[in-house]
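Descriptive structure summary
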Amino acid sequence: MTAAIEVTNLTKRYGSITALDDVTVSIQQDSITGILGRNGAGKTVLMSVITAQEAPTQGTVRMFGQSPWENASVLSGTCFIRDNQRYPDEYRLAQLLRVGPLFYENWDEALAERIVETFEIPGGRSIRKLSRGQLSAVGLLMGLASRAPITFFDEPYLGLDITARTLFYDLLLEDYAAHPRTVVVSTHLIEEMEQLLERVVILHHGRVRENADIEDLRQRAVRLSGRTADLDRVVGGYEVLRRSTLGTLSTALVTSTDSIRGDAAAAGVDVEPASIHELVAAYGMQTEEVAR
Amino acid sequence: MFDDGSPIFQQLADQICGDILRGAHSEGEKVPSINELAVFYRINPATANRAVAQLVDRGVLVKQRGIGMFVAEGARQLVAAERRAKLVEKHIAPLVAEATALGIDTEGIVALIRKESS
Amino acid sequence: MKRTEAVVRMHFSRRFSAFFMPPILGVGVVLIMVVVVWSLGAAGVSTSSPEVVDGFRNNGGIVWTLAGFLLSLGVQAATSCFAFATSLGTTRRDYVVGTGMYFVLQTLYVTAILATLLALEKVTGHWFINAYSLDVRALGSGDWGAFLLVVLSGALSMQAVGAMFGASWLRFGSRGPLLISAVLVAVLVGAILIIIPRWAAVVAAFSMVWVSLVLIILGAVSLMAAGAFLRRTTVRGT
């Protein structure tokens, strides 16, 4: 597997606020990578710095081995529509459909038309006057129809109902399967999207908590449950991400290792696989001090 | 549909084996491509690819370059044998454990099984 | 397609502003002038006496209308279009070069519209009632050479100045345009201080060539400033 994007020791500060803190991640070529984390974890800033929309404070970004900063040969293969993307004044759907192929040699007009119909994007109104869901659909249209070798989606589902989101997942998978490319998508909807992902980056307070294969991450943690006293005997040797107690019963989310099942069985504690959703939520609850 | 905590590719492989066992795919028949599986089950193509690769390794599917993926001759027997081996681990052992916790003895379990299958 | 060319066409896709506004504004100014002159005539004012015609020719309606419009076009080129072009993977350099090319083409189009109106104005004896709209002092009093010089250089520089203001706002927020305004005022005061003692010489040497030279320098400096601001600016959403 080759890396399409390599980010090394990247830090981004705005005055006294550190948005990204020594971030090192690599994004595999032709994979779908999810960027997960709470609001303000640095997901959008990371994509923004990768696409040279802003300069890093420290650290480097490499795209196919080259710096993307003012580098048309790699930048022209990217598409990054923000959740609050600005469009030119006066622009309507027709202008977007006309401009798309000027910027992307692989622009798929038929796919663009299909997305317009699927999501019922109105053509008569200026882009600025569209609803939140319609605006998201426009972002999906640009991202998918561009067929850009590296496409970023920034929480692309805002304002879309479950039916529209499902249609998006289907379109993304179908088009990605037919035209493999590097897709990076930031999302909160972990349970809905995890099956689409191959790789996952989890950010918390601007730092990378995970950068792993999704299957590895699904096995990363387990949920232990049993009597508090029994649980106490097990968790000692493990990293506890989150713990809660109800009377004499307790549950704990712990980082999984080979020995956990044996130890738990010996203590009479139940072991269940923990979802990525639980893992992300647990990371998100850690205070800044613990995260460091 | 994939939610039992084991790897998704494993669950997909089990699903395909189940289909073969039920006769949904007969031996020698072409099975859906990786991309078709990915779109149908709404999973990443890399995941579908791992499931198929595993089935090819196990001799359940055979790959014919440029044509597609087919159910191997003898695949049904193979799957049945594998499942039989797992029957104890996956179903009988938990059943016995649960019955013991409820105070049902072996005779009681057998009686319950007879009643269920009649 | 090259990104610079794509940027040019991205700007021209704003068809209403790019194609329809210039003729609407040009014809609008002419119509207003016609109505004004006709009203004066109806009110019994002689509209053909040399003093009155001289007054008409001093009106700068066309200049202020077009200058305002082209400034706003420049501001928008730097703000809303920049964010979108970069989202589609365009480098800042390509964006600035493409936008500069667009300004040149837009200038040629505006000039063609105004030249057509001027030709019509001359042929029709100033719209039949001495409604001097384009054959005015500020545009060279109907002299084609002076007219082309000042319209070309003026249209180009107004867009570039607009782009500079827009880019400074993107880069520095509200402080940007304020700072530029302060610099412009300082330059203007400096120029006046230099010119005043030499007023007679300046008047004697006055020609549209000098005016357009100043405008071209202003435009070039503005475009370079816009490029410098956009070089490090952070792209944001709405």
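Residues numbered from 1 in each chain as written. Chains lettered and ligands numbered in written order. Predicted model: local features only at pLDDT ≥ 70, side-chain atom pairs only at ≥ 80, totals over all residues.

1. Section: the overall build of chain C
Just so we agree on the cut-off: Per the convention used, a helix needs a DSSP run of H or I reaching at least four residues, while a strand needs a run of E reaching at least two, with both numbered from the N terminus. Once C-beta atoms are placed from the backbone, each residue is buried if 20 or more other C-beta atoms lie within 10 Å of its own, exposed if 12 or fewer, and partly exposed for counts between those two. C-beta atoms are placed from the backbone for every residue, and two residues are taken to be in contact when these atoms lie within 7 Å.
A count of helical and extended segments in chain C gives 11 helices and zero strands. When its C-alpha atoms are laid out on the principal axes, chain C stretches across 60 × 45 × 30 Å. When burial is assessed residue by residue, chain C has 42% of its 238 residues classed as buried. A separation of at least 24 residues holds for 81% of the contacts in chain C among residues at least 6 apart in sequence.

2. Focus on the interface of chain A and chain C
Put simply, the rule reads: Polar here means any residue outside two lists: the nonpolar Ala, Val, Leu, Ile, Met, Phe, Trp, Tyr, Cys and Pro, and the charged Asp, Glu, Lys and Arg; Gly therefore counts as polar.
Counting from both sides, the interface comprises 28 residues of chain A and, opposite them, 27 residues of chain C. By residue number, the principal contributor to the side of chain A that touches chain C is helix α3 (residues 93–103) of chain A, which donates five residues. The residue inventory of the side of chain A that touches chain C, partitioned by class, reads 12 nonpolar, nine polar and seven charged.

3. Concerning the UniProt feature "domain: HTH gntR-type" (unreviewed entry) in chain B
Our working rule: UniProt positions are given in the numbering used here, feature names are shortened, and annotations may be inferred rather than shown by experiment.
Under the present numbering, the feature "domain: HTH gntR-type" (unreviewed entry) in UniProt falls on residues 6–74 of chain B. Helix and strand shares over residues 6–74 of chain B are 51% and 14% respectively, and the end C-alpha atoms of the span are 27 Å apart.

4. Overview of the interface of chain B and chain A
Contact residues are listed per partner, giving 12 residues for chain B and 16 residues for chain A. Listing elements by their share of the side of chain B that touches chain A, those giving two or more residues are α2 (34–41) and α3 (45–57) of chain B. Top element by residues in the side of chain B that touches chain A is α2 of chain B. It accounts for three residues. Of the residues assigned to the side of chain B that touches chain A, the class counts are eight nonpolar, three polar and one charged.

5. A closer look at the sheet that holds strand β3 (residues 32–36) of chain A
Residues and elements named next belong to chain A. Note the cut-off: Only when DSSP finds a minimum of two bridges between them are two strands counted as paired. Note on geometry: axes are lines fitted to C-alpha atoms, helical ones only across the stretch in contact, with angles between N-to-C directions running from 0 to 180 degrees.
Strands sit in the order β5-β6-β7-β3-β8-β9 across an open sheet of six strands; the sheet is mixed. Only two strands of the sheet have a single partner each, and these edge strands are β5 (78–81) and β9 (207–213). Going across the sheet, the axis of each strand differs from the next one's by a mean of 15°, ignoring polarity. Here β3 pairs with strand β7 (residues 182–187) via five bridges, running parallel. Considered in β7, the bridge of Ile-32 is made with Val-183. Running at roughly 170° to β5, helix α5 (residues 132–146) makes contact with β5 and β6 (150–154) of the sheet. Across the face of the sheet, helix α11 (residues 276–285) comes into contact with β3, β8 (199–204) and β9 while running at roughly 20° to β8.

6. Let's talk about the domain arrangement of chain B
All names here are of chain B. Rules: Boundaries of every domain are those given by an automatic assignment or by a domain database.
One can read the domain layout of chain B as domain 1 (8–75) and domain 2 (76–117). Once you take the C-alpha centre of each, domain 1 and domain 2 turn out to be 28 Å apart. On the side of domain 2, six residues touch domain 1, which itself brings eight residues to the contact. If you tally residues by element for the side of domain 1 that touches domain 2, the top one is helix α1 (residues 8–21), at three residues.

7. Topic: the environment of Glu-239 of chain A
Residue and element names in this part refer to chain A. Along the chain, Glu-239 turns up in the loop between α9 (228–235) and β11 (240–246). Overall, the presence of 11 C-beta atoms within 10 Å leaves Glu-239 in the exposed class. Each C-alpha atom, one on Glu-239 and one on Ile-162, is 36 Å from the other, the two residues being 77 residues apart in sequence. Dropping the residues within four chain positions of it, Glu-239 is found in contact with Val-254 and Thr-255.

8. A few points about the sheet that holds strand β2 (residues 17–28) of chain A
Residue and element names in this part refer to chain A. The strand order across the open sheet formed by three strands is β2-β1-β4, and the pairing between neighbours is antiparallel. Every interior strand has two partners, whereas the edge strands, β2 and β4 (58–63), have only one. Looking at each pair of strands side by side, their axes are set apart by 15° on average, direction ignored. Inspection of the sheet shows strand β1 (residues 3–14) paired to β2 by eight bridges, in the antiparallel sense. Bridging from a neighbouring strand, Tyr-14 pairs with Ile-17 of β2.

9. Things to note about the UniProt feature "transmembrane region" (unreviewed entry) in chain C
With numbering aligned to this structure, UniProt lists the feature "transmembrane region" (unreviewed entry) at residues 20–41, 61–88, 100–120, 144–166, 178–196 and 202–230 of chain C. Between the end C-alpha atoms of residues 20–41 of chain C there is a gap of 31 Å, over a span that is 100% helix and 0% strand.

10. Side note on helix α5 (residues 106–117) of chain B
Selection criterion: A helix's residues, less one, multiplied by 1.5 Å, set its expected span.
Between its terminal C-alpha atoms α5 of chain B stretches 17 Å, which fits the 16 Å expected from 12 residues at 1.5 Å a residue. Along α5 of chain B, only zero of the 12 residues are buried, which leaves the element largely exposed.

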